[in-house]
Amino acid sequence: MNLFTKTVLKFLSVISLIGQVLCAFAGLMLLFASVALLLVPNGVKKQLLQYVDLNSNTNLSIWFLVLSCLVALAIIACLFIILYALRKIIGNIYEQHFFVSRNLKYLKLILISITSFTVLDFISQLLFAQVHAYNVSNIFSDSWPSLIGNILLLSIVYTLYVVLKYGISLQDDSNNVI
Amino acid sequence: MIKINLDRVMLERKISSKALAEKIGITQVNLSILKTGKARGIRFATLEKICQTLNCQPGDLLEYKE
């Protein structure tokens, strides 16, 4: 492995670690905000929602907000898991462990997380469409092109999964030839 | 099926697994896999080294059985 590849892998590992920290922070903040919305009196809640700017739609029911927060939390958890698995795969590749079952396990985790992310993104899209609130978040952009992008990403990762699975069986064959 | 007669040839040459593994440059675990017939294949390079060390022919080590 040359120096350029090693540097790129190290850079990607650091980026995914930073992403993980940001996701954890965002998740904690979201949890704090949703608990706060449940606890504060109605007047203060309306005032808080004005800051959120859901297209000035402040007459949202508390259960709608809690459900949206839960979906958002699940989306952030999916992103966190994707970044975690990605960092682990990068670490394995850095140590030149290419066709190992651990990589297949992490890729499977990424596949499941992207599927969950896509489904949750779709649910959040439906939820916000109900109250005519659009472009609420920059992370899950609530648009049809993003959904198509997710499906494309899913198919790419699935193809990678199939290739890696075949690669592992070839590696196993090679390891058993003495 | 292909039967490996490595055990018999080693006994005839009075050589231990450890010594043979060291001479042909493979681990004792891999040699044991080879001896027990659990290996899926053998490289020509390994076969050549074994024949060289044990002073035998590939046919002495491998046998076809129905």
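Please read these numbers as outputs of a predicted model, since none were measured by experiment. (Residues numbered from 1 in each chain as written. Chains lettered and ligands numbered in written order. Predicted model: local features only at pLDDT ≥ 70, side-chain atom pairs only at ≥ 80, totals over all residues. Heavy atoms only, no water.)

1. A few points about the environment of Ile178(A)
Tracing the backbone shows Ile178(A) in the segment after helix H5 (144-175). Classification of Ile178(A) as buried rests on a relative accessible area of 5%. Distance in space between the C-alpha atoms of Ile178(A) and Ser16(A) is 39 Å, their sequence separation being 162 residues. Setting aside residues up to four positions removed in sequence, Ile178(A) forms contacts with Ile26(B), Asn30(B), Ile33(B), Leu34(B), Ala39(B), Gly41(B), Ile42(B), Arg43(B) and Thr46(B). (Helix = DSSP H or I, 4+ residues; strand = E, 2+ residues; numbered from the N terminus. Buried < 20%, exposed > 50% of the residue type's maximum accessible area, 1.4 Å probe, protein only. Contact = heavy atoms within 4.5 Å.)

2. Here's the deal with helix H2 (residues 17-24) of chain B
Residues and elements named next belong to chain B. All of the buried residues along H2 are Leu 20, Ala 21 and Ile 24. Seen along its axis, H2 keeps its buried residues to an arc of 100 degrees; they face one direction. For H2, the exposed residues lying more than 90 degrees away from the buried face are Glu 22 and Lys 23. Its buried side turned inward, H2 meets helix H1 (6-13), helix H3 (28-35) and helix H4 (44-54). Immediately beyond the C-terminal end of H2, within one or two residues, lies Gly 25, with a positive phi of roughly 75 degrees. (Arc of directions from axis to C-beta.)

3. A look at the interface of chain A and chain B
Each side of the interface is counted separately: chain A has six residues, and chain B has 10 residues. Buried area between chain A and chain B, summed over both chains or domains, comes out near 730 Å², and the portion from carbon and sulfur atoms is 49%. Considering only the surface of chain A that becomes buried against chain B, Asn176(A), Val177(A) and Ile178(A) emerge as the three largest contributors, covering 82% of it. At the boundary of chain A and chain B, one finds two salt bridges. Between Arg40(B) and Asp173(A) there is a salt bridge; the shortest N-O distance is 2.4 Å. Where chain A meets chain B, there are seven residue pairs in polar contact (both at pLDDT 80 or more). Broken down by class, the residue content of the side of chain A that touches chain B amounts to two nonpolar, two polar and two charged. (Buried area = accessible area lost by both parts, 1.4 Å probe. Salt bridge = Lys/Arg side-chain N within 4 Å of Asp/Glu carboxyl O. Polar contact = N/O pair within 3.5 Å; in protein donor to acceptor, adjacent residues only side chain to side chain. Nonpolar A, V, L, I, M, F, W, Y, C, P; charged D, E, K, R; others polar.)

4. Comments concerning the nonpolar core
Within the largest apolar cluster, 17 residues are counted, with the highest numbers of intra-cluster contacts made by Leu6(B), Leu20(B), Leu31(B), Ile50(B), Leu54(B) and Leu61(B). Ranked by the residues each element gives to this core, the list is headed by H4(B), at four residues. With near-sequence residues (within four places) excluded, Leu20(B) lies in contact with Leu6(B), Met10(B), Ile15(B), Leu31(B), Thr53(B) and Leu54(B). In this structure, Leu104(A), Tyr106(A), Leu107(A) and Ile168(A) belong to the second largest nonpolar core, which totals 13 residues. (Core = buried A, V, L, I, M, F, W, Y, C linked by side-chain atoms within 4.5 Å.)

On their own, these measurements won't tell you what the molecule is for.
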